[in-house]
Structure formats: C-alpha cells, structure tokens
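Below are the chains, spelled out letter by letter.
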Amino acid sequence: MKPPHVLVVGATGALGRPVVRLLRERGVPVRALSRHPAQAADLAALGAEVVAGDLTDPASLQRACAGVQRVLASAHGLLGRGRWRSEAVDDAGHRALFAAAKAAGVERLVYTSAHGAAPDHPIDFFRTKHAVEQALAASGLPHVVLRPTAFMEQHVHLFNGKGLLEKGKAQLIGPGSKPRNFVAAGDVAQLAVRALLEDPPPFKVLSIGGHGHHSNTQVAELYAREAGIPARIGRLPAGVARTIAALAAPLHPGMARVLRLSALPDDAYSERFDGAAALERDHGIRLTRIEQFVRERVAESRGRG
Ligand SMILES: NC(=O)c1ccc[n+]([C@@H]2O[C@H](COP(=O)([O-])OP(=O)(O)OC[C@H]3O[C@@H](n4cnc5c(N)ncnc54)[C@H](OP(=O)(O)O)[C@@H]3O)[C@@H](O)[C@H]2O)c1
C-alpha cells in the first residue's frame, strides 16, 4: 500500500530530524517545514521536500498542509521572543496549524506535548501545552498526543555535559539537585513514526520517558567519570537567576522563562517518570540508557579532539 505523505513541522529540531530520517528510510514522502529552509540541506539530501513556513504565518501552514495525509507537530517557541514568542508559536501557531490541517483534510495529526503539561503548572509553557492538547481534542481532527520528558540531547548534553567536555566546567542554574527523567529524542522519534504510520495508531496519548532519575549534578558527574576529568560545576544561585529573569523578561521572555523554570524549587513540579519498563514492554522499544548516551557523547568529543 502507498505510504501516507507526511508533513513534519519542526523538522530541523532534535525530534524532527530523526523522524524525517526514519520516515525517509521507510520510503515515506516527507514535506519538512522550516523558517530557514537553507538550514535543512541535510533533510533535502535525505529526499525530503523542504518548504519555507512559519507557525506565525497561517497562509504558509495552509500551503504546507495541502496534499499531505499526516502531520507531525514537533516545533516549539519556548525560548522565543518578539514575533516568535511562545504565545504566538506554541499557542496561536498550533491552533492555526490544526485549522489548516483540518481544512486540508489531513487524516491524522500527531502533536508533541510535554510530560507534566497541566493547567496549574507553574510555567506558562506547560500550561499552554495542556491548553493546546484540549484545543486539539475539540478540533475534530483525528490525532495522537506524545508527552515526552526532557530530551537528553538538550538537557543532558547541550545545557550540561557539553560545557564540561568543551570548557572544563558545567554551568548549572540553581543547586542541580532535583531528580529528573530524560529520554533520547531518537527514542521519541521511533514512537512518533509509529503514531504517524500505523493504522489504527498504536496509542492515542502516550507519556514517554527514559529509565531512572538523575539530578543535573549527577549528570555532570557522569560525564566527568566517563571522560576521566574533574567534575567542575558552576552554579548560578536560584535567587540571582530569578533577578536576571525579571530584568530580561521584557526584552527576551524566552530566556527569562528558562531561567525562571531552572530556578524553581525542587518541589515546584515533578519531573519524575516511572513508566520506562512498561513502555518497553508495551511498545517494543529499547530505550536509550543515560549512561550509554553520555558514553557516546564523550566518545564523539574525543573523536573531534
Ligand atoms: N526538548 C525537550 O526537552 C522537550 C521535552 C518535551 C517535549 N518537547 C517538545 O518536543 C517538540 C520538539 O522539540 P525539540 O526539542 O526537538 O525542538 P528544538 O530542537 O528546540 O527545535 C525547535 C524546532 O521548532 C521549530 N520552530 C520554532 N519556531 C517555529 C515557528 N515559528 N514556525 C515553525 N517552526 C518553528 C524550529 O524550526 P526552524 O528553526 O527550522 O524554523 C525547530 O525545528 C516540541 O513540541 C517540544 O515542545 C521537547
């Protein structure tokens, strides 16, 4: 049977890229949307049709949805400002995408929400994710919701271990003591592809996380052990982070949001996830262990050094 034509919104992201690769490996026609198509040459090289588009430009979403059967929404504006502030991208932009998909007769939209999304979450981004889930449910568009925990690519590597490997010091915000769950974006991508392609979809709403819990301090220590270097950790005190956030908010609401989020007390909201064993059992996936992920990043950095 002919595979469905899939639009990936957020195709250049940590999740979008492996989704496009997995879809192309299966011979699925993919339209990859980006605000900066020139930065998606690697996706074009995989055979994806790269198109210019922006969640804040409804006409571009109508063009992008024309002729596709399935859509993955895997973009976000957590760090955005100005035209690309979170309200415009994560809220209004996604509502516009759902309307465009519905009008184009899209058969199924897979929405990437976040683990912990809730109407009373202390951070607006997670309240928006919840509100957008509700809007999708009310839209009448057939859909699947993914709720992943923090991606290893960003929260383990980019914001933590990378600094230790490249600058000899990991820079954390706050004490770095909160137990957190992390998942590899590549693992989420495998489940996203199943949600996009299988008929009927194998789940309606799925929380996705990896094994175990680690604090940011423990993550830095894992890198240090693996690389055989001292675990040098800088800590921006939570109070200082909150002050910088308040000053930065008018100019850069996205940066202020991330500072505020990182400076919250450990018990402000939970980042725990205890469903990894059930995910592996029920969905036939082998989840990447954080130790393996760190080992690979350390080996890569040695290869470059
Ligand atoms: N990262 C995490 O820890 C995490 C955890 C839970 C859930 N999620 C969710 O998973 C999804 C994927 O996140 P990610 O970490 O893979 O993203 P990412 O690597 O931070 O990349 C962000 C993506 O969003 C796209 N984007 C941003 N603003 C846009 C706009 N105005 N119009 C169109 N595209 C726009 C970017 O595309 P261009 O720059 O090419 O336009 C890029 O592909 C998001 O929904 C996110 O909220 C992420």
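As a convention, each chain's residues are numbered from 1 in the sequence order in which they are written. With the structure being a predicted model, the display of local features is reserved for residues of pLDDT at least 70 and the display and counting of side-chain atom pairs for 80 or more, all residues being used for whole-chain, interface and lining totals.

(A) Examining helix 3 (residues 58–65) more closely. To sort residues by burial, count the other C-beta atoms lying within 10 Å of each one's C-beta; a count of 20 or more means buried, 12 or fewer means exposed, and anything in between means partly exposed. C-beta atoms are built from the backbone. Counting from the N terminus, the helices are the DSSP runs of H or I reaching at least four residues and the strands are the DSSP runs of E reaching at least two. Residues Leu61, Ala64 and Cys65 constitute the buried set of helix 3. Along the long axis of helix 3, the arc covered by the buried residues comes to 90°, so they all point the same way. Check the buried side of helix 3 and you find it contacts strand 1 (6–9), strand 2 (30–34), strand 3 (49–52), strand 4 (70–73) and helix 4 (86–103). Phi for glycine 67, located one or two positions after helix 3, is positive at around 85°. Our arc is simply the arc of the directions from the helix axis toward the C-beta atoms. This entry defines residue contacts through backbone-placed C-beta atoms, with two residues in contact when those atoms are within 7 Å.

(B) Representation of the site of the ligand. The full set close to the ligand counts 28 residues, and Gly13, Ser34, Arg35, Ala75 and His76 are the nearest of them. Contributions of two or more residues to the shell around the ligand are made by helix 4, strand 7 (150–151) and helix 6 (152–167). By definition, a residue lies near a molecule or strand provided its backbone-derived C-beta atom is within 6 Å of it.

(C) View of the environment of leucine 191. Assignment of secondary structure puts leucine 191 in helix 7 (residues 185–197). Classification of leucine 191 as buried rests on a count of 22 C-beta atoms within 10 Å. Distance from leucine 191 to alanine 11, taken between C-alpha atoms, is 16 Å for residues 180 residues apart in sequence. Not counting the four nearest positions on each side in its chain, leucine 191 is found in contact with Leu146, Leu206, Ile208, His283 and Ile285.

(D) Examining the pairing of strand 5 (residues 108–112) more closely. Counting buried positions along strand 5 yields 5 of 5 residues, so the element is predominantly enclosed. In strand 5, alternate side chains face the same way, and those of Arg108, Val110 and Thr112 on one face and Leu109 and Tyr111 on the other are all buried. By the convention used here, strands pair only if DSSP detects at least 2 bridges between them. Relative to strand 5, strand 4 is paired through 4 bridges, and the arrangement is parallel. The residue of strand 5 that forms the bridge with valine 71 is leucine 109. Handedness of the crossover is the feature at issue here: the chain leaves strand 4, passes through helix 4, returns alongside strand 5, and the resulting connection is right-handed. Strand direction decides the pairing type here: strand 5 and strand 6 (residues 143–148), joined by 4 bridges, are parallel. Across the sheet, the residue bridging to tyrosine 111 is valine 145, located in strand 6. By convention a crossover is right-handed if, when the strands point away from the viewer, the path from the first strand over the helix to the second runs clockwise. With helix 5 (residues 124–139) bridging strand 5 and its parallel neighbour strand 6, the resulting β-α-β unit is right-handed.

Any functional reading would require information that these geometric values do not contain.
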